[in-house]
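# Notes for the structure review
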Amino acid sequence: MQRLVQHPDFEKMTQREYDPDPNVLDGFMRGEFAERNQILRDHPHALRSVLYWDDFEACMALSSHASGKQKLGALYLTLDNFDPRYRGNLDTISLVALVRSSYVKEHGINAVLKRPVEDLKKLGDGVMMNGKNVFGTLIAVEGDNLASHECGGYKCGFTAHKPCRTCNCTLEEIRSGVEVKESMLRTSRQYDEQITEIENARTQKIAEEKSKEYGLVQRSELNKLSFHVQNGLPPAKFSNNAKFVAYLRKIGIDI
Ligand SMILES: [Zn+2]
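Residues numbered from 1 in each chain as written. Predicted model: local features only at pLDDT ≥ 70, side-chain atom pairs only at ≥ 80, totals over all residues.

Counting residues in hydrophobic clusters, the biggest one holds 29 residues, and the most contacted among them are L51, W53, L138, V141, C151 and L222. Breaking this core down by element, the ones donating at least two residues are helix 4 (38–42), strand 1 (47–57), strand 2 (71–79), helix 6 (109–125), strand 6 (136–142) and helix 7 (145–152). No other element matches helix 6, which puts five residues into this core. Every residue in contact with W53, bar those within four places of it in the chain, is listed here: G73, L75, V141, G143, A147 and C151. If you look at the next biggest cluster of nonpolar residues, it comprises seven residues, including Y154, I195, L216 and V217. (Core = buried A, V, L, I, M, F, W, Y, C linked by C-beta atoms within 7 Å. Buried ≥ 20, exposed ≤ 12 C-beta atoms within 10 Å, placed from the backbone. Helix = DSSP H or I, 4+ residues; strand = E, 2+ residues; numbered from the N terminus. Contact = placed C-beta atoms within 7 Å.)

Moving on to unusual backbone geometry. If you check the backbone angles, N130 has positive phi at about 55 degrees while not being a glycine. Structurally, N130 can be placed in the loop between strand 4 (127–129) and strand 5 (132–134). Classification of N130 by C-beta neighbours within 10 Å gives exposed; the count is 9. Phi is positive for F158, which is not a glycine, with a value near 60 degrees.

Along the chain, D192 turns up in helix 9 (residues 188–199). As a C-alpha pair, D192 and R219 span 27 residues in sequence and 7.8 Å in three-dimensional space.

Attention shifts here to the environment of E173. Its location among the elements puts E173 in helix 8 (residues 171–176). A C-alpha to C-alpha distance of 9.9 Å links E173 and H161, two positions twelve residues apart in sequence.

On to the pairing of strand 2, then. Judged from the nine bridges that link them, strand 1 and strand 2 form a sheet pairing that is antiparallel. By the bridge assignment, S49 is partnered in strand 2 with L79. Relative to strand 3 (residues 94–100), strand 2 is paired through six bridges, and the arrangement is antiparallel. When the bridges of strand 3 are listed, L72 appears paired with R100. (Pairing = 2+ DSSP bridges.)

Here the focus is the pairing of strand 1. Here six bridges tie strand 1 to strand 6, and the two strands are oriented parallel to one another. Each bridged residue has a counterpart across the sheet, and for R48 the counterpart in strand 6 is T137.

This part takes up the confidence of the model for the protein chain. Low-pLDDT portions of the prediction should not be read for the details of their coordinates. Predicted confidence across the protein chain gives a mean pLDDT of 88, with 90% of residues reaching 70 or more. Across the protein chain, helix 9 holds the top mean pLDDT of 97, while helix 12 (residues 242–250) sits lowest at 64. (pLDDT = per-residue confidence, 0-100.)

This next bit is on the environment of C169. Mapped onto the elements of the fold, C169 is located in the loop between helix 7 and helix 8. Separated by 17 residues in the primary sequence, C169 and R186 place their C-alpha atoms 9.4 Å from one another. In contact with C169, not counting residues within four places along its chain, are K162, C164, I174, V178, V180 and M184.

Quick look at the structure:
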């Protein structure tokens, strides 16, 4: 991050123009979560970190025998401060951690997130970079559904009673199709209460039953920051999803 900030083009790349109409939501800083973030309120120019987590196969897995053996999990970092034009540029993306998937399986994702969370925590209190006290906060962790559920402590099999990280719909409701109302959305308070219930369950069996009921497994390490996974795991981009594009076309929206 220090090297990103010291980059000669950093100033230029982080200057962006917003829509003159302040009601147009054309960036994180225009939204409710930015308003509620204490670090951004105190330091409007703070670094807005975005993490990205995904698995990949490090060698050609042509046979089922080899598949999974060389699987690695990678955690990347970019800054929302960069103008959207530069965000796809490799220079603006840094590798934070590279971990064997078998390690994640054995020790859990929180073991991987522990160190980056400690570093981001320091940034919340300010870190001297280039003679300046630089502040920063985490605003989102991106990934596909599996990666997002893993990072957030949600159940990964998508067969829990409530399998969706965004709403409280049951598996049956999702399968049969249901219109989601705002009252059905999960909240950070509900997440904390349900996780506490799981942690305090009298027996392992009760903990497992509650876990399946709520679709939650464990408290995410990320919540140790001024960040809550319930508000910070945005859905994966739909524009790449052929099925979604086909659906939009079907209902008359051409993209
Ligand atoms: Zn949902």
